[in-house]
Amino acid sequence: MSIGIVHKTGNVPYPPEQGVATPCSVNSVNSVSPASSVSPVSPASSVSNDTSIYHITWATHNSRVSRRMIEHRITPGEPVILNEQAEIFITKIIAETVYGLPNITRVHAYNICKDHVHALIECNSKILSNTIRLLKGKSAQRYKEYLGIDSGKEFHLWAQKYNKWLITSDEQYNNTFA
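(A) Structural context of the packing of aromatic side chains. Taken as a whole, this structure holds five aromatic pairs when the rule is applied. Where Phe89 meets Tyr143, the ring centres are 6.3 Å apart and the plane angle is 45 degrees; that geometry is what we call tilted. Of the two residues, Phe89 sits in helix H2 (residues 84–99) while Tyr143 sits in helix H3 (residues 125–147), which places them 54 residues apart along the sequence. There is no split in this pair, since Phe89 and Tyr143 are both buried. A centroid spacing of 5.9 Å and a plane angle of 25 degrees characterise the contact between Tyr143 and Tyr146, whose relative ring orientation is stacked. In this pair, Tyr143 and Tyr146 both sit in helix H3, three residues apart, roughly one turn of the helix.

(B) Spatial organisation of the side chain of Thr176. Relative to the helices and strands, Thr176 is located in helix H4 (residues 170–176). In terms of polar contacts, Thr176 uses its side chain to reach the backbone carbonyl oxygen of Gln172, at 2.6 Å.

(C) Quick peek at the layout of surface pockets. Space inside the largest pocket adds up to approximately 730 Å³. Taken together, 27 residues form the lining of the largest pocket, with His61, Trp158, Ala159, Gln160 and Lys161 sitting closest to its centre. Elements with a minimum of two residues in the lining of the largest pocket: strand S3 (52–59), helix H1 (67–71) and H3. Counting residues per element, the lining of the largest pocket draws most heavily on H3, at five residues.

What counts as what
Residues numbered from 1 in each chain as written. Predicted model: local features only at pLDDT ≥ 70, side-chain atom pairs only at ≥ 80, totals over all residues. Heavy atoms only, no water. Phe/Tyr/Trp six-rings, centres within 6.5 Å; stacked < 30°, edge-to-face > 60°. Helix = DSSP H or I, 4+ residues; strand = E, 2+ residues; numbered from the N terminus. Buried < 20%, exposed > 50% of the residue type's maximum accessible area, 1.4 Å probe, protein only. Polar contact = N/O pair within 3.5 Å; in protein donor to acceptor, adjacent residues only side chain to side chain. 1 Å grid on protein atoms, 1.4 Å probe; cavity = no way out; pocket = protein on both sides within 12 Å on 5 of 7 lines; lining within 4 Å. Points joined across faces, edges and corners; volume = space filled by probe spheres on them.

Keep in mind these values describe shape, not function.
The structure is reproduced here in structure tokens:
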């Protein structure tokens, strides 16, 4: 199952933790402003000329084995697998974090699965890695608190890396979360 909060700006209570968590395959989030109107968005109608839309994925800790791990004979520990309750909690955290992103960033949609996340993020390429760092970092920090893990104890929710694909056409945009 994949979980997300569907936000149609102007129709969902603010702050985001009052939104509705729903099982779905596409989770739309408009991070521009809670009072702005919703309009269809595609690569041709970006936030500014300096931005691009990216399909981003990242995995939970130890849920994937990389080539580097194989080459260095690293044995991963137990993978982090999210249950439905965890998916809903992390969805709310990401929604709250999205509302705090700069106006030059827009999260079109995201999907939280048991061992990975998909997101359609529009921003300038220069701030993409910091945007991902913020989304992953905040969600890991808040989830650790939610689990009651001592702040001094090491905890990993997400794998270190993420993948990105530049969205170059309306067809690619529409098929990303189909």
